[in-house]
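# A structural walkthrough
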Amino acid sequence: MGELVERVDEQDHVLGVVDRTSAIRDEWIHRVATIVCRDAGGRILVHRRADGVPLFPGLFNWLLGGAVNVGESYEDAAARELAEELGVEARPRFLFKFLCRGAISPYWLGLHEVVVQGPVQPDPSEIAWCDWVTESQLSGLVRRQTFVPDAREAFDRYRALIHPPQREAGRPVSFSTMVERAKSLPSTDAAPSPTCQ
């Protein structure tokens, strides 16, 4: 048996423990923790996945992360993945989660954010290349076909949360309204392939 994960329902309640390969094959909802890495200047880390990884080999992504282990919180999984993939010991801040229908199977995506203060040491078995880009650069890159498809929806939700409209008809918009807007954003279609190499 391979990596074990918790099978969950559409409200993120645990139904049981399953093999992750089975969860993907049978399209059972499970949990994934992701991390947005920013540097002190606000740039976002973009990476190309290694060619040998089983999911989305060679594609670009702006999120690090992976499956949440059995009994593990989203936050603990995010910290573990950050250490495994980048060699960074930190406690990412949980921002939100949403039910992602996913390109290969459905899952709850927990999105976290961390400011990386020092150098990164990417695990070459996971990350083939990485670099820091501005948010405006990323907004164009993430639409390209060589980006992990699920990263597009997560990016739209993240941007809606961090750049919400502040007022409507002269009245402030509540934080809960902004979060609900982020949850309701539609998935986007792929665009031409990127120039980033």
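Okay, so let's go over this structure. (Residues numbered from 1 in each chain as written. Predicted model: local features only at pLDDT ≥ 70, side-chain atom pairs only at ≥ 80, totals over all residues. Heavy atoms only, no water.)

## Examining the nonpolar core
- Trp62, Leu111, Leu138 and Phe147 are the most contacted members of the largest nonpolar core, which totals 27 residues.
- Of all the secondary-structure elements, those providing two or more residues to this core are β3 (30–38), β4 (44–49), β7 (93–100), β8 (107–115), α3 (135–141) and α4 (149–162).
- Considering each element in turn, this core owes the most residues, 5 residues, to α4.
- Counting residues in each nonpolar core, the second largest holds 20 residues, with Leu45, Leu86, Leu99 and Val116 among its members. (Core = buried A, V, L, I, M, F, W, Y, C linked by side-chain atoms within 4.5 Å. Buried < 20%, exposed > 50% of the residue type's maximum accessible area, 1.4 Å probe, protein only. Helix = DSSP H or I, 4+ residues; strand = E, 2+ residues; numbered from the N terminus.)

## Describing the environment of Glu81
- You can see Glu81 is positioned in helix α2 (residues 74–86).
- The spatial distance from the C-alpha of Glu81 to the C-alpha of Ala33 is 8.1 Å, given a sequence separation of 48 residues.

## Some thoughts on the pattern of salt bridges
- Going through the model one piece at a time under the given rule, you end up with 18 salt bridges.
- Between Glu84 and Arg80 there is a salt bridge, with the nearest N and O atoms lying 3.5 Å from each other. Of this pair, Glu84 and Arg80 are both found in helix α2, 4 residues apart, which corresponds to roughly one turn of the helix.
- Among the charged side chains, a network of salt bridges with common partners joins Arg38, Arg93, Glu113, Glu135 and Arg159. (Salt bridge = Lys/Arg side-chain N within 4 Å of Asp/Glu carboxyl O.)

## Describing α4
- Taking 1.5 Å as the rise per residue, α4 with 14 residues should run 20 Å; its terminal C-alpha atoms sit 21 Å apart, in good agreement.
- Here α4 has its buried residues at Asp150, Ala151, Arg152, Glu153, Ala154, Phe155, Asp156, Arg157, Tyr158 and Leu161. (Expected span 1.5 Å × (residues − 1).)

## Structural notes on α2
- With 13 residues, α2 ought to run about 18 Å at 1.5 Å a step, and its terminal C-alpha atoms sit 18 Å apart, in line with that.
- Buried within α2 are the following residues: Tyr74, Ala77, Ala78, Ala79, Arg80, Glu81, Leu82, Glu85 and Leu86.
- Check the buried side of α2 and you find it contacts β3, β4, β6 (64–67), β7, β8 and β9 (127–133).
- Remark: Gly87 follows α2 within two positions and exhibits a positive phi of approximately 70 degrees. (Contact = heavy atoms within 4.5 Å.)

## Comments concerning the side chain of Glu153
- Summarising the element assignment, Glu153 is placed in helix α4.
- You can call Glu153 buried: its relative accessible area is 9%.
- Reaching out from Glu153, the side chain makes a polar contact with the side chain of Arg157 at a distance of 2.8 Å. (Polar contact = N/O pair within 3.5 Å; in protein donor to acceptor, adjacent residues only side chain to side chain.)

All quantities given are derived from atomic positions and should not be read as evidence of function.
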